Amino acid sequence: MAYDHKAIEEKWQARWESERIFEVAADEAIPKFYNLCMYPYPSGALHQGHVRNYTFGDLLTRYKTMAGFNVLSPLGWDSFGLPAENAAIETGVHPKENTEAQIATMTRQVKQLGAMYDWTRELASHSEEYYRWDQWLFLQLFEQGLAYKREALVNWCPRDQTVLANEQVVDGHCERCGAEVERRNLAQWFFKITDYTERLLEDIDTLDEWPERVRTMQRNWIGRSQGASFALQVADTDHSFEVFTTRPDTIFGMTFAVLSPEHHLVEELIAGTEQEAEARAYIRKAGSSSDVERMANTDKTGVFIGHHAVNPVDSRSVPIYIADYVLMGYGTGAIMAVPGQDQRDWEFATKYGIEIIRTVQPPDDFDGDAYTGDGVTINSGFLDGLEREGAIAAIIEWLEAKNIGEGTVQYRLRDWLISRQRYWGSPIPVVNCDGCGMVPVPEDQLPVVLPHILDYAPKGRSPLAAVDEWVNTTCPACGGEARRETDTMDTFVDSSWYFFRFTDPRNAEQIFDPRAASYWMPVDQYIGGVEHAVLHLLYARFITKVLFDMGLSTVKEPFARLFTQGMITLDGAKMSKSKGNVVDPLDLFESHGADALRLYHLFMGPPTDDAAWDTNGVDGTLRFLDRLWRVVTETDRFDESADASELVADAHRAVKKVTEDIDNFHFNTAVPPLMTVTNDLVDQARSGISREAFVEVTEILMKLLSPMAPHIAHELWELSGHETILAREPWPVWDPEMIERASVTMVVQVDGKLRDRIEVEADIAAADAERLALSAEKIQTWIEGKEIRKVIVREPNLVNIVVG
RNA sequence: GCCCGGGUGGCGGAACGGUAGACGCGAGGGGCUUAAACCCCCUUGGGCCGAUUCGGCCCGUGUGGGUUCGAUUCCCACCCCGGGCACCA
């Protein structure tokens, strides 16, 4: 009977489902393990990235289940969002229909992989029963002042016709579609993530099971800088403006000041000056160039605006410029410029002939421009002679004493812009009333149902705005005429709390039962792509902290252990449909089977690394499975006198190795022991093996293989006469005595170079090892006539003889 | 520029500071076969030496140093590749 992967895989997928093996309930008596892969966008086609993700996830689900844990492994769909809407605009099929058809397709494909989930917990963010809790969450944030609407300069994607969060702008381009983003002044909804900045930053330190890379990226994104802010008086006026600097110790070196062209004071200051026309032209030009252009142009440009600022420490007047290298979005949008210690200021000063004063003594061999390193403070009055830290402390004390400024901290992190001018998302549950203003929709009126419409093409405002019968409503406060908010929420809102919902997915009364969450949370293992290092993972941490503050969550951090998988490459490029270099997993299910494909993904390299695809590798894992199949199903003659003790011992060693490797996420090295034991079993079966040894070795192989290639493992388990389901069997344990070796190969080195190998008893005494090594024939030729200075003995593995 | 990773055979990759190259792919040779596929066996880092089927030596983990009896592994400097961040004051 040949190995028929197709028939076997279909059979067992049906069995697992009907046996409901992976449906779980909270049970305090059993240790829990919440295992989660980032819920996918239902694109309609499983690709190798999904396969890799779910193979790792399913391996853990099955392994931890066999190891005795109560394993929660749910799957759901990140089903709101632009791709569905854009596809719908192209095909004319409504996003809801399209999305639901794609969910059905992908569900089938995920099941074909043999990945098991508790499907009773399936959720989809576009369903009313899900997004009503998005809206509920919004209302809680609104009540706490954490959701607010304000006019702001925001990122606008001209192709997707919607605003974007800062996190969704990559190098000045839309993260989704790649279009160059524009700046627009619009009234938008924000979540006040900046209230949580310090906590988000501090708690990164507690995430010691996260990749360092991701922790660093989050720290960088939050971008904490410590320094001082203080007021600069504009000479001969009543105006002053705040500046922020990380180097207040260099204040005596300020030879000019710069305002961002968008700074609120600019308009008033330039009015009526000689420089007004020139300044206005500059502001217009700066305002019309995109961020991409501003980034590309690193040449410093600016205009003197005809006013001076007074340096508080020495009352010197310095010219004020406007220049676009000072960004309105960071700090106060204004700086004291110290060309001696800042390269950007240096370039500007050099270009416009402004004085440069060094206030930090550079080393003698320094020949650069601005000196940003440490050194003794010079040319700085009462700060002279102090090192950086002392000087900073002294000047802050001085500023505070004079009530001019103070030590402050600035962050790069901005509030999270969550409103979108698109259709396929959760409507923001707010009503605008002429009399009452912005009124939140009462909780008992949720959900605000997304109306089914036919024209959802983007027009620069939400398509919902055109649906009069939906927009026009009554004010929940006064009963008068009112209009609904027409923006929808960023889909990252949906994904920032779905892992809580999985703990209690059918709750119609609450977002989730805090008791369910307290049993299952935190997610013990979270698996997904590193592209979410900042976006989703930061938002999810923020919302978790909000839920914690509300008493709904017992954890401050949602994901205890994070695992980011590498991507699949082909011919050096990321495998993707747009590059046309995909190898379709569905074809491989047919030709090689899900088991061989899964095994290849595990085997191809370290799971965190990018991996180069090679279909020949799947041929290899299929060959291995076929060989295992044949030896298990075709061995029918046994020799009870044969000695297979070494093979059995190797099987036990494999148990140890595989167990430890899975625990350490070294999946690629967990596969080879199965291959070598199988190969040795084939040899042993050929030369003679007892039935007992054969059964012990094959049972170990099936159990170890069960999380990796579950279908064939289950089938062989059944064919071997077991009535039980392998997935419910306990994980094997190794016999520590059995894996001990009676004899080992001892390496003998002379001066660290390998010169001989000697078989020795494993429990050889150090003295015996040394004597044996020194008397070995081959060693004699190396040490003859030489003085033996030292002998290092690491019995029973190694002896190193050091000669003169 | 700053911050993370990473440089090992033809390829993917293994190696608690202790036998470098496990396992797999590819390649070469052989067996089975009328033939091919499948399958099975052998070889496979480079160079050299001796020899009746076996053995031996030298070199070799990006480069140069260092620590150590011993370094792919630890330390320092440098080079290259990948990724992230960046007029962030």
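This text gives an overview of the structure that appears in the document. Just so you know, these numbers come straight off a predicted model, no measurement behind them.

### A closer look at the overall build of chain A
A count of helical and extended segments in chain A gives 27 helices and 30 strands. Projected onto the principal axes, the alpha-carbon positions of chain A cover approximately 110 × 85 × 50 Å. Counting all 804 residues of chain A, 55% fall into the buried class. Across chain A, every contact between residues at least 6 apart in sequence was considered, and the portion connecting residues at least 24 apart equals 72%. Entry remark: accessible area of chain A is about 34600 Å², with carbon and sulfur atoms responsible for 48%.

### Re the nonpolar core
With 87 residues, the main nonpolar core has Y54, W613, L625, I662, L705 and M708 as its most contacted residues. Not counting the four nearest positions on each side in its chain, L705 is found in contact with L599, F624, L625, L628, L674, P710, I712 and A713. Core analysis: the second largest hydrophobic core is formed by 86 residues, Y34, F492, F512 and V546 among them.

### Considerations on the sheet that holds strand β26 (residues 611–612)
Spatially, the three strands line up as an open sheet ordered β25-β24-β26, and their pairing is mixed. Looking at which strands have only one partner, the edges of the open sheet turn out to be β25 (573–574) and β26. Relative to β26, strand β24 (residues 568–570) is paired through two bridges, and the arrangement is parallel. In the sheet register, T569 faces β26, and the bridge partner there is A612.

### Side note on the protein's contact with RNA strand B
Neighbouring residues of RNA strand B: 52 residues in total, closest T246, Y330, R344, R412 and N800. For RNA strand B, the backbone makes up 66% of the atoms found within 4 Å of the protein, where backbone means sugar plus phosphate. Contact between RNA strand B and S225: a phosphate oxygen at 3.4 Å from a side-chain N or O atom of the residue. Between N668 and RNA strand B, the recorded distance is 2.6 Å, taken from a side-chain N or O atom to a phosphate oxygen. In terms of residue count, the dominant contributor to the surface near RNA strand B is helix α23 (residues 672–687) (six residues). When the residues that make up the surface near RNA strand B are grouped by side-chain class, the tally is 18 nonpolar, 14 polar and 20 charged.

### What to know about the packing of helix α7 (residues 212–222) against helix α17 (residues 535–549)
The interhelical angle for the contact between α7 and α17, taken along N-to-C directions, is 75°, at an axis separation of 10 Å. The orientation of α7 with respect to α17, classified from their angle, is roughly perpendicular. Along the contact surface, α7 presents V214, Q218, W221 and I222, while α17 presents L537, L538 and R541. For the contact of α7 with α17, the residue count by class is five nonpolar, one polar and one charged.

### Focus on a negative patch on the surface
Taken together, the side chains of E242, E397, E400 and E406 present a region of like negative charge at the surface. Within the secondary structure, E242 sits in strand β9 (residues 240–245).

### Describing the state of the cysteines
Summed over all chains, the structure comprises zero disulfides. Of all cysteine sulfurs in the structure, the one in C157 sits closest to C177, which takes part in no disulfide; the separation is 3.5 Å. Look at C177 and you get partly exposed, because its relative accessible area is 23%.

### Here we look at the pairing of strand β11 (residues 302–310)
Across two bridges, strand β8 (residues 225–234) lies against β11 in antiparallel orientation. Along β11, the bridge assignment pairs Q233 with V310. In terms of strand pairing, β11 meets strand β12 (residues 317–323) through six bridges, oriented antiparallel. Among the inter-strand pairings, H308 is bridged to a residue of β12, identified as P319. Following β11, the chain reverses through six residues before pairing antiparallel with β12; S315 in that reversal takes a positive phi of roughly 60°.

### Focus on helix α12 (residues 388–401)
In this model α12 runs 20 Å from its N-terminal to its C-terminal C-alpha over 14 residues, within 8% of the 20 Å that 1.5 Å per residue would give. Of the residues making up α12, those classed as buried are A391, I392, I395, I396, W398 and L399. Relative to the axis of α12, the buried residues are bounded by an arc of 160° and lie together on one face. Those residues of α12 that are exposed and angled more than 90 degrees off the buried face are E389, E397 and A401. For α12, the secondary structure elements touched by its buried residues are β8 and β14 (405–410). After α12 finishes, the residue N403 shows a positive phi value of roughly 65°.

### Here we look at the sheet that holds strand β27 (residues 743–750)
A sheet is described by the order of its strands in space; here four strands give the open sequence β28-β27-β30-β29, paired in mixed fashion. The outermost strands of the open sheet, each flanked by one partner alone, are β28 (753–761) and β29 (788–794). Strand after strand, the sheet turns through a mean of 15° between neighbouring axes, direction not considered. The pairing of β27 with β28 spans eight bridges and is classified as antiparallel.

### Thoughts on the pattern of salt bridges
Under the definition given, this model contains 48 salt bridges. Across the pair E129 and R506 runs a salt bridge whose closest N-O atoms are separated by 3.6 Å. Within this pair, whereas E129 is found in helix α5 (residues 128–143), its partner R506 is found in the loop between α15 (498–501) and α16 (514–520), the two being separated by 377 residues in sequence. What makes E129 partly exposed here is its relative accessible area of 40%. Close ionic contact of E182 with R184 constitutes a salt bridge, the shortest N to O distance being 3.8 Å. Judged by its relative accessible area of 33%, E182 falls in the partly exposed class. Its relative accessible area of 34% is what places R184 among the partly exposed residues. Members of the salt-bridge network, linked through shared partners, are K11, R15, E19, E715, E718 and R728.

### Observations regarding unusual backbone geometry
Between L446 and the following residue, P447, the backbone shows a cis peptide bond with an omega angle of 0°. Take P447: it is sitting in the loop between β18 (437–440) and α13 (468–471). For the peptide bond that leads from E795 to P796, omega is 0°, which places it in the cis range. Within the secondary structure, P796 is located in the loop between β29 and β30 (798–803). Phi angles above zero are rare outside glycine, and N379 is one such case at about 55°.

### Concerning the environment of V409
Considering the arrangement of structural elements, one finds V409 in strand β14. For the pair V409 and G331, spaced 78 residues apart in sequence, the C-alpha separation works out to 9.2 Å. Apart from residues no more than four positions distant in its own chain, V409 is found in contact with R224, S225 and Q226.

### Some words on the environment of M38
Looking at the secondary structure, you find M38 in the loop between β1 (32–37) and α2 (48–66). Taking relative accessible area as the criterion, M38 reaches 8% and is therefore assigned buried. Taking the C-alpha atoms as reference points, M38 and H50, twelve residues apart in sequence, are found 10.0 Å from one another. With residues near it in sequence (within four places) discarded, M38 still touches Y54, Y498, Y526, I527, G528, G529, H532, H536, L537 and L562.

Calculation rules
Residues numbered from 1 in each chain as written. Chains lettered and ligands numbered in written order. Predicted model: local features only at pLDDT ≥ 70, side-chain atom pairs only at ≥ 80, totals over all residues. Heavy atoms only, no water. Helix = DSSP H or I, 4+ residues; strand = E, 2+ residues; numbered from the N terminus. Buried < 20%, exposed > 50% of the residue type's maximum accessible area, 1.4 Å probe, protein only. Contact = heavy atoms within 4.5 Å. Areas by Shrake-Rupley, 256 points an atom, 1.4 Å probe, with all protein chains shown as cover. Core = buried A, V, L, I, M, F, W, Y, C linked by side-chain atoms within 4.5 Å. Pairing = 2+ DSSP bridges. Near = heavy atom within 4 Å. Polar contact = N/O pair within 3.5 Å; in protein donor to acceptor, adjacent residues only side chain to side chain. Nonpolar A, V, L, I, M, F, W, Y, C, P; charged D, E, K, R; others polar. Axes fitted to C-alpha atoms, helices over the stretch in contact; angles between N-to-C directions. Parallel < 35°, antiparallel > 145°, perpendicular 65-115°, else oblique. Patch = residues over 30% accessible without salt bridge, like charges linked within 9 Å, V, L, I, M, F, W, Y side chains within 5 Å. Salt bridge = Lys/Arg side-chain N within 4 Å of Asp/Glu carboxyl O. Lys, Arg positive; Asp, Glu negative; His and termini not counted. Charge placed at Lys NZ, Arg CZ, Asp CG, Glu CD. Disulfide = S-S within 2.5 Å. Expected span 1.5 Å × (residues − 1). Arc of directions from axis to C-beta.

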